[in-house]
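Single-letter residue listing:
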Amino acid sequence: MDENGATPDVEDSGLHDKLPISGLYESWFLDYASYVILERAVPAVEDGLKPVQRRILHALNEMDDGRFNKVANVVGSSMQYHPHGDASIYDAIVNIGQKELLFDTQGNWGDIRTGDGAAAARYIEVRLSRFAKEIVFNDDTTEWQLSYDGRKREPVTLPVKFPLLLSLGVEGIAVGLSTKILPHNFCELIEASISILQGKEATIYPDFLTGGQIDISNYNDGHRGGKVRVRARIEEEDKKMLVIRDIPFGTTTTSIIDSIIKANDTGKIKIRKVVDNTAAEVEIQVHLAPGVSPDITMDALYAFTECEVSISPNACIIIADKPHFVGVTEILKYNTGQTVHLLQRELEIKRLALLEKILYGSLEKIFIENRIYRDIEECETFEAVIRTIDKGLEPYKPQFYREITDDDIVELTEIKIKRISKYDGYKADELMKKWQEELAETEDNLVHITRFAIEYYKDLLKKYGKGRGRRTEIRAFNQISANIVAANNQKLYVNRAEGFIGYGLKKDEFVTDCSDIDDIIVFKSDGKCLVTKIQEKVFVGKDIIHCAVFVKNDERMVYNLVYLDGKTGVSYIKRCQITAVTRDREYDLTQGTPKSKITYFTANENGEAEIIAVSLSAQSKAKVKQFDFNFADLLIKNRSAMGNILTKYPVRKIILKQAGRSTLGGVDMWFDPIIGRLNRDERGEYLGNFGPSDSILVVYKEGSYELTNFDLTNHYVSNEVLLVKKFDPKMAITALYFDGGQKNHFIKRFNIETSTRDKKFLFISDAKNSKLLLASTDKRPRLEITSLKTATKEQSKEEYLIEEMVDVRGWRAMGNKLPNDKFKEIRWLEPLPEPEEEVVTSAVVTDVDSSDAEADVEEGSDGEVTDEVPDEDTSDQSGTHAETGDPAGTEPESADDDAKPEVKPKKEPKKGKDQKNQLGLF
């Protein structure tokens, strides 16, 4: 405004000449972005600290007097260097303090496990830890700069002699980029730095104060694009309760409980209640609903709650005033090299200081012992005093490592008479000798700086490594299918005539229980099938003949069907699998011609093959108008296969004559001890082929055994399980255990006499301190015992054949005492081979008619010769049907890019005409 209160025009003020609009956004935004990246969010590689953290440590070091300081005072002191308000400084102090490395804390500093915040700054206290004082500060090796107002000096970076960045971890969001470096284990970082100095490869993985479990298979050295999965440690307390002991990094007990309640409310899991008993240790009790499997619930907790989280690291740091994306190994190598450089500088400074001490000590000794101080009594000027002393030192100057300056001589003149009179030459020589030894040691360390750095790291590990072991367990995780572990929180209904399915059709036909995340497979009478997401109500097409929950990649589900081709009137029969599809895309199980329709259909969860009775139309010209057909005679093919011709004549009806048995045989199972899970992917130890009635035998380290089913959702905790085998009633278990009551070692062999599943049976003594040492299911196990060395006996090794030591008895039997009860080591040896038994074969094998073989090839899906032997009666499969006179050959199959290889059922071996029962095959 002018003096009259009027606002001048912009044109008259000339402001438009002072504001260059073009380029303002680019330059100002770039300046702001650079400032945020360099001064706020991203740490420097030299010390691993953001500016606010560095200024807090510097302020604490200036305040340090050995006593605790109120955090409020520390915040005030830090604001001399950090002009961004007290809230950000307080938050940074609490964050560092909760990591339990650089600060000693006093008061309520909150709890990272529960999410409780720290008390107000005026109530809590802090001071530097001994570790921080040792590895962070050294004024002689620190590069300094002026603070923002020019009144103080602050460090550019602190001379940290430890990979602090990797130990603490860091997270920050800047302009256009972010950083997320996960914390690593204190001891492992030091050991890795030692390995680097020794020229070895070093690999480090994250470790969290909250514990838990971590899968580092995709960690990718902390680079962008990597990922780790972190899980809570969940234990099965009993069949009705799970207990969460550790929580994933970045979560709290409160957030986990909230996520569990939400999953229960949405029907993903079924629980009665959640109880938080967290105190000194995390303990969250999850009480299960009646009839709910604890194993499936455990997987569901990982799938639908914060009991499992995925973390994507992004190691971005400031190197030479620019952000760089690097790996954690590269950061560790840089920090290790920097530590060596700082140690070298400290040694050089120490060497120079020792040289100066030795020089001045020598000058002092010469000055006093040669009474040079008497020569200056007659000098009239100070200059004359300097020249006189310099002349007296002239004969000794060659022994010094540098020239003697006037400043050195001035120091001699400042020696007091009292000190000269009490000068002890012997003590001076001893002190000089000590300095010489220190100098020699320092110079030796400088020559062997790598060795010195290794010893430095080892000293750190010895002084500060106690109680800093790994808290997060490294292990591989299995991939959990959410559809499999989700609780059945909905019901599937179908209106077959109108073509609707969904969980909202409660007045229509009930199909099955399901989850609201399931996929549903639908088959219609026109031969079309599709897979769609379950909804409240969705139209899929009229005349539905079958619908069910779809399980992807289920190779045991087989569909048996007969369809009428609308173009030729021929009835085809086929068996197929549908393992992978595109959702909401229709697939045709017929040849796709108009008016084709399915006349018979069954869905078989375990590949069952039934026998059907086919009745032809009375007006047909077929000689035999009724005949049976066994689906077991067909190969299992992909969904687009045409199938075999059943008959060319009109079919009146097809009915089920006899239920079938599975043609797929048993299921091959493996046990992966790393993740403690069963699988069909050939990972881990092969357990065998399992039929419906087979069980898993689990022997626990606590001395009990349990029989379980072979469901893929079963958990077998690796650190609790000693053996996982396929159960054989004839199997004998050999166990070596210590009886805490009798204070002796026993060995026993027993058969499993119980048949109850999912119940543990203790087979060793229940006395206190009893424990199972070894267990084996080998038929002829051998044991090696290494005895203790005594004054009268040398150490020896003895081998024992168990079958000669103890007989097979009941599972409750105590067993026999071990012959050598005082031993250093005991272990299993390779078992003895089983004794060979003579096998007498009296069967006579007749030749197979070549015409039968040719017919069998003709019936194959592609005319391809297989190793399978046809049944004794092949008239229904090749050549012509005895009942109908129809050819039973197989038409060419249509191509399908995603079709799976055909699965061929096992067939009974062919028998000669006179040998149907002689071979004992029936």
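Everything quoted here is computed from the prediction, not taken from an experiment.

> Outline the overall build of the chain, listing residues and values.
The helix and strand inventory of the chain stands at 19 helices and 48 strands. In the chain, 67% of the contacts between residues at least 6 apart in sequence involve partners at least 24 apart. With the model as given, the accessible surface of the chain reaches about 48,700 Å², and the carbon-plus-sulfur share is 48%.

> Quick rundown of the packing of helix 11 (residues 328-369) against helix 15 (residues 425-447)? Include the residues and the values.
Packing of helix 11 against helix 15 leaves a shortest axis separation of 9 Å and a crossing angle of 155 degrees. With respect to each other, helix 11 and helix 15 are oriented roughly antiparallel. Considering only the axes of helix 11 and helix 15, their crossing is left-handed. Residue composition of the contact of helix 11 with helix 15, grouped by class: 8 nonpolar, 7 polar and 9 charged.

> Can you break down the pattern of salt bridges residue by residue, with the values?
One pass over the structure, following the stated rule, counts 48 salt bridges. Its salt-bridge partner being D215, residue R229 comes within 3.9 Å of it at the nearest N-O pair. Separated by 14 residues along the polypeptide, R229 in strand 9 (residues 228-231) and D215 in strand 8 (residues 213-215) bring together distant segments of the chain. Exposure remark for R229: the relative accessible area of 12% places this residue in the buried category. Overall, D215 belongs to the buried group, its relative accessible area being 7%.

> Tell me about the nonpolar core, and please be specific about residues and values.
Counting residues in each nonpolar core, the largest one holds 49 residues, and the members touching the most others are L102 and F103. With 25 residues, the next largest nonpolar core counts L165, A192, I196 and A202 among its residues.

> Please give an account of the pairing of strand 5 (residues 153-157) that cites residues and values.
As paired elements, strand 4 (residues 143-146) and strand 5 share 4 bridges and run antiparallel to each other. For L146, the partnering residue across the bridge sits in strand 5 and is R153. Between strand 4 and strand 5, which pair antiparallel in sequence order, lie 6 residues; one of them, G150, sits at a positive phi of approximately 80 degrees.

> I'd like a description of the packing of helix 3 (residues 51-63) against helix 4 (residues 71-78), backed by residues and values.
The geometry of helix 3 relative to helix 4 is characterised by a closest axis approach of 9 Å and an angle of 110 degrees between their N-to-C directions. Relative to helix 4, the element helix 3 is oriented roughly perpendicular. In terms of crossing hand, the pair formed by helix 3 and helix 4 is right-handed. Where helix 3 approaches helix 4, its residues R55, I56, A59, L60 and M63 are matched on the opposing element by N73, V74, S77 and S78.

> If you had to explain the packing of aromatic side chains to someone new, which residues and values would you point to?
Applying the stated criterion across every chain, the model contains 24 aromatic pairs. The interplanar angle of 65 degrees and the centroid separation of 5.8 Å between the aromatic rings of Y493 and F510 together place this pair among those described as edge-to-face. Within this pair, whereas Y493 is found in strand 18 (residues 490-495), its partner F510 is found in strand 20 (residues 509-514), the two being separated by 17 residues in sequence. Among the residues examined, F510 registers a relative accessible area of 43% and is labelled partly exposed. Cluster of aromatic residues (ring-pair linked, three or more members): Y705, F750, F761, F763 and W811. Just above the ring of F500 sits the side chain of K537; from NZ or CZ to the centre is 4.5 Å. Taking the ring centre of F690 as reference, the NZ or CZ of K726 above it sits at 5.3 Å.

> Which residues make up the side chain of T329, and what values do they have?
Along the chain, T329 turns up in helix 11. Of note is the side chain of T329, whose polar atom sits 2.5 Å from the side chain of D221. Sequence-distant contacts of T329, that is, excluding residues within four places in its chain, are made with A202 and D221.

> Just give me the short version of the sheet that holds strand 34 (residues 667-672), but keep the residues and values in it.
The strand order 35-34-36 describes an open sheet built from 3 strands, whose pairing is antiparallel. With partners counted over all chains shown, the strands left at the sheet margins are strand 35 (677-679) and strand 36 (685-690), one partner each. Across the sheet, the mean angle from the axis of one strand to that of its neighbour is 30 degrees, orientation sign disregarded. Across 5 bridges, the pairing between strand 34 and strand 36 is antiparallel. Within strand 36, the position partnered with F671 by the bridge is E685.

> Report on helix 5 (residues 86-97), specifying residues and quantitative values.
For helix 5, with 12 residues, the first-to-last C-alpha span of 16 Å sits near the 16 Å given by 1.5 Å per residue. Considered for burial, the residues of helix 5 that qualify are I89, Y90, A92, I93, V94, I96 and G97. In the core, the buried residues of helix 5 are packed alongside helix 3, helix 4 and strand 2 (103-106).

> Which residues make up the environment of F671, and what values do they have?
As for its placement among the helices and strands, F671 is situated in strand 34. Since its relative accessible area comes to 7%, F671 is described here as buried. Taking the C-alpha atoms as reference points, F671 and V724, 53 residues apart in sequence, are found 7.5 Å from one another. In this structure F671 touches G676, R677, L678, N679, R683, G684, E685, L687, Y716 and V724, once residues within four positions along its chain are discounted.

> Provide a residue-level description of helix 10 (residues 294-304), including the pertinent values.
Within helix 10, 8 of the 11 residues are buried, which leaves it mostly tucked inside the rest of the structure. What helix 10 keeps buried is the set P294, D295, T297, M298, D299, A300, L301 and Y302.

> Account for the confidence of the model for the chain, with residues named and values stated.
Predicted confidence across the chain gives a mean pLDDT of 83, with 87% of residues reaching 70 or more. This stretch, residues 1-16, has a pLDDT under 50; its non-local contacts, to residues over four places away or in other chains, come to 6 contacts.

> Give me the lowdown on the sheet that holds strand 29 (residues 608-616), citing residues and values where you can.
With respect to topology, 3 strands assemble into an open sheet ordered 30-29-33, the strand pairing being antiparallel. Across the chains shown, the open sheet's two edge strands, defined by having one partner strand only, are strand 30 (626-630) and strand 33 (651-662). Recorded for the sheet is a direction-independent mean angle of 20 degrees between the axes of neighbouring strands. Sheet topology places strand 29 next to strand 30; 5 bridges connect them, and they run antiparallel. Bridge pairing links I612 to F629 in strand 30.

> Lay out the side chain of T114 with the relevant residues and their values.
Along the chain, T114 falls in the loop between strand 2 and strand 3 (125-128). Here T114 falls in the buried class, since its relative accessible area comes to 13%. At a separation of 2.9 Å, a polar atom in the side chain of T114 contacts the side chain of D116. If we skip the residues at most four places from it in the chain, T114 touches T252, T253, T254 and T278.

> Describe in detail the state of the cysteines, supporting the description with residues and values.
Overall, the coordinates contain 0 disulfides when judged by the stated rule. Just so you know, C576 is unpaired, no disulfide at all, and the nearest cysteine sulfur is the one on C529, 7.7 Å from it. By relative accessible area, which is 0% here, C576 ends up buried.

> Pulling in residues and values, what's your account of the environment of Q213?
As for its position among the elements, Q213 is in strand 8. In the structure, Q213 is positioned 262 residues away from R475 in sequence and 6.7 Å away in space, judged by C-alpha atoms.

> Talk me through unusual backbone geometry; I want residue IDs and the actual numbers.
With a phi angle near 55 degrees, A320 is a residue other than glycine that sits in the positive phi range. Note that A320 resides in the loop between strand 15 (316-319) and strand 16 (322-325). Positive phi, close to 60 degrees, is recorded for D543, a residue that is not glycine. With relative accessibility at 44%, the residue D543 sits in the partly exposed group.

How each quantity is defined
Residues numbered from 1 in each chain as written. Predicted model: local features only at pLDDT ≥ 70, side-chain atom pairs only at ≥ 80, totals over all residues. Heavy atoms only, no water. Helix = DSSP H or I, 4+ residues; strand = E, 2+ residues; numbered from the N terminus. Contact = heavy atoms within 4.5 Å. Areas by Shrake-Rupley, 256 points an atom, 1.4 Å probe, with all protein chains shown as cover. Axes fitted to C-alpha atoms, helices over the stretch in contact; angles between N-to-C directions. Parallel < 35°, antiparallel > 145°, perpendicular 65-115°, else oblique. Left-handed = near helix turned anticlockwise from the far one by under 90°. Nonpolar A, V, L, I, M, F, W, Y, C, P; charged D, E, K, R; others polar. Salt bridge = Lys/Arg side-chain N within 4 Å of Asp/Glu carboxyl O. Buried < 20%, exposed > 50% of the residue type's maximum accessible area, 1.4 Å probe, protein only. Core = buried A, V, L, I, M, F, W, Y, C linked by side-chain atoms within 4.5 Å. Pairing = 2+ DSSP bridges. Phe/Tyr/Trp six-rings, centres within 6.5 Å; stacked < 30°, edge-to-face > 60°. Lys NZ or Arg CZ within 6 Å of the ring centre and 35° of its normal. Polar contact = N/O pair within 3.5 Å; in protein donor to acceptor, adjacent residues only side chain to side chain. Expected span 1.5 Å × (residues − 1). pLDDT = per-residue confidence, 0-100. Disulfide = S-S within 2.5 Å.

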